[in-house]
Amino acid sequence: QNDFTTAANRYQEAIQAAPNCAEALVNLGAMYNRLNRPDDAIAAFQQALAKNPRLFAAHLNLGITYFSTRRFDLAKDSLRNALRLNPQQTQARQLLALTFVATEDFASAAGEFEQLVKLAPADVHSISALGEVYLRLKRYAEAVTMLERAVQLEPRIAKIHLLLGEALDNAGQTDRAIEAFQRATQLEPALKEAHYALGHVFLKRGRLDEALGEFQK
């Protein structure tokens, strides 16, 4: 923390020497964030934008700070501004998508994750996130497609198998859902959500002993 404080002091000195340097203000804001001083960081980023309204880093860091302090509407505005300057920038789009998820605007989140998947077709995190958003939107067939794609890219993440199982179950593919839930429990035996989901589909199938066994895990 002392190093960050020293760095912040040096950036303040640099700003005094060159008061129109917007980049120095962005760096100062980043140091304030490291020091857990988000309001000071926001003020620094806003000052940077007053000097250079087209400074991508200021919009992005302002959006990050608003997001981390749960000021989601302000985060959306800042991240949209960042993306107007650089539509291909994945970090800003990922954070905008997560902001929509945080506010339960899943339709808008889907649109952002779809763009991310186009930009990075092999990014398992964006693909699985899109599948999860489709699941929340009850677009079950599309959720299955995305989550199957994620599993093919990275078969060792239990959470993705769990989500795939949920999508399959809601799509009426109970046998395949059981396989997905079982794989999730094999990969992560302590994942209670997977045991509960598996118990639930066993219960629907009348496999009471197996259901009870999963509920007790």
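See the structure shown above.
A brief structural summary.

Cut-offs used in this document
- Residues numbered from 1 in each chain as written.
- Predicted model: local features only at pLDDT ≥ 70, side-chain atom pairs only at ≥ 80, totals over all residues.
- Heavy atoms only, no water.
- Helix = DSSP H or I, 4+ residues; strand = E, 2+ residues; numbered from the N terminus.
- Rg over C-alpha atoms; globule rule 2.2 N^0.38 Å.
- Buried < 20%, exposed > 50% of the residue type's maximum accessible area, 1.4 Å probe, protein only.
- Lys, Arg positive; Asp, Glu negative; His and termini not counted.
- Charge placed at Lys NZ, Arg CZ, Asp CG, Glu CD.
- Expected span 1.5 Å × (residues − 1).
- Contact = heavy atoms within 4.5 Å.
- Phe/Tyr/Trp six-rings, centres within 6.5 Å; stacked < 30°, edge-to-face > 60°.
- Core = buried A, V, L, I, M, F, W, Y, C linked by side-chain atoms within 4.5 Å.

1. Section: the overall build of the chain
So, point 1. Counting secondary structure elements, the chain contains 13 helices and zero strands.
So, point 2. Mapped from its N terminus to its C terminus, the chain presents α and β elements in the order α-α-α-α-α-α-α-α-α-α-α-α-α.
So, point 3. Taking 17 Å as the expected radius of gyration for a compact globule of 217 residues, we find that the chain reaches 22 Å, considerably beyond that expectation.
So, point 4. C-alpha atoms of the chain, sized along the principal axes, occupy 75 × 35 × 25 Å.
So, point 5. Across the 217 residues of the chain, 43% fall into the buried class.
So, point 6. Charge separation in the chain, taken as the distance between the mean sites of 25 positive and 25 negative side-chain charges, equals 3 Å.

2. Side note on helix H12 (residues 192-204)
So, point 1. With 13 residues, H12 should cover 18 Å at 1.5 Å per step; its first-to-last C-alpha distance of 18 Å lies within 8% of that length.
So, point 2. Of all the positions in H12, only Ala194, His195, Ala197, Leu198, Gly199, Val201 and Phe202 are classed as buried.
So, point 3. Its buried side turned inward, H12 meets helix H10 (158-170), helix H11 (174-187) and helix H13 (208-215).
So, point 4. Immediately beyond the C-terminal end of H12, within one or two residues, lies Gly206, with a positive phi of roughly 80°.

3. Structural notes on the packing of aromatic side chains
So, point 1. Overall, the coordinates contain two aromatic pairs when judged by the stated rule.
So, point 2. Measuring from ring centre to ring centre gives 5.5 Å for Tyr196 and Phe215, while their planes differ by 45°; the resulting arrangement is tilted. Pair noted here: Tyr196 is in helix H12 and Phe215 is in helix H13, with a separation of 19 residues, a long-range link.
So, point 3. The class for Phe215 is partly exposed, based on a relative accessible area of 35%.

4. Digging into unusual backbone geometry
In most cases, non-glycine residues show a negative phi, while peptide bonds are predominantly trans.
So, point 1. Here the phi dihedral of Asn36 falls at roughly 60°; this positive angle occurs in a residue that is not glycine.
So, point 2. Among the structural elements, Asn36 can be located in the loop between helix H2 (22-34) and helix H3 (38-51).
So, point 3. The backbone of Glu104 sits at a positive phi, close to 60°, despite the residue not being glycine.
So, point 4. Structurally, Glu104 is set in the loop between helix H6 (90-102) and helix H7 (106-119).

5. Observations regarding the environment of Asp40
So, point 1. Of note, Asp40 is situated in helix H3.
So, point 2. In this structure the C-alpha to C-alpha distance between Asp40 and Ala167, which are 127 residues apart in sequence, comes to 44 Å.

6. Some words on the environment of Leu153
So, point 1. For Leu153, the location among the structural elements is in helix H9 (residues 140-153).
So, point 2. Among the residues examined, Leu153 registers a relative accessible area of 41% and is labelled partly exposed.
So, point 3. As a C-alpha pair, Leu153 and Val124 span 29 residues in sequence and 6.4 Å in three-dimensional space.
So, point 4. Other than its neighbours up to four places away in sequence, Leu153 contacts Pro121, Ala122, Val124 and Ile127.

7. Some details on the nonpolar core
So, point 1. One finds Ala48, Leu79, Phe113, Leu130, Leu162, Leu164 and Phe181 to be the most contacted residues of the largest nonpolar core, which totals 65 residues.
So, point 2. Leaving out residues up to four positions away in the same chain, Leu79 has contacts with Leu60, Gly63, Ala92, Leu95, Leu96 and Thr99.

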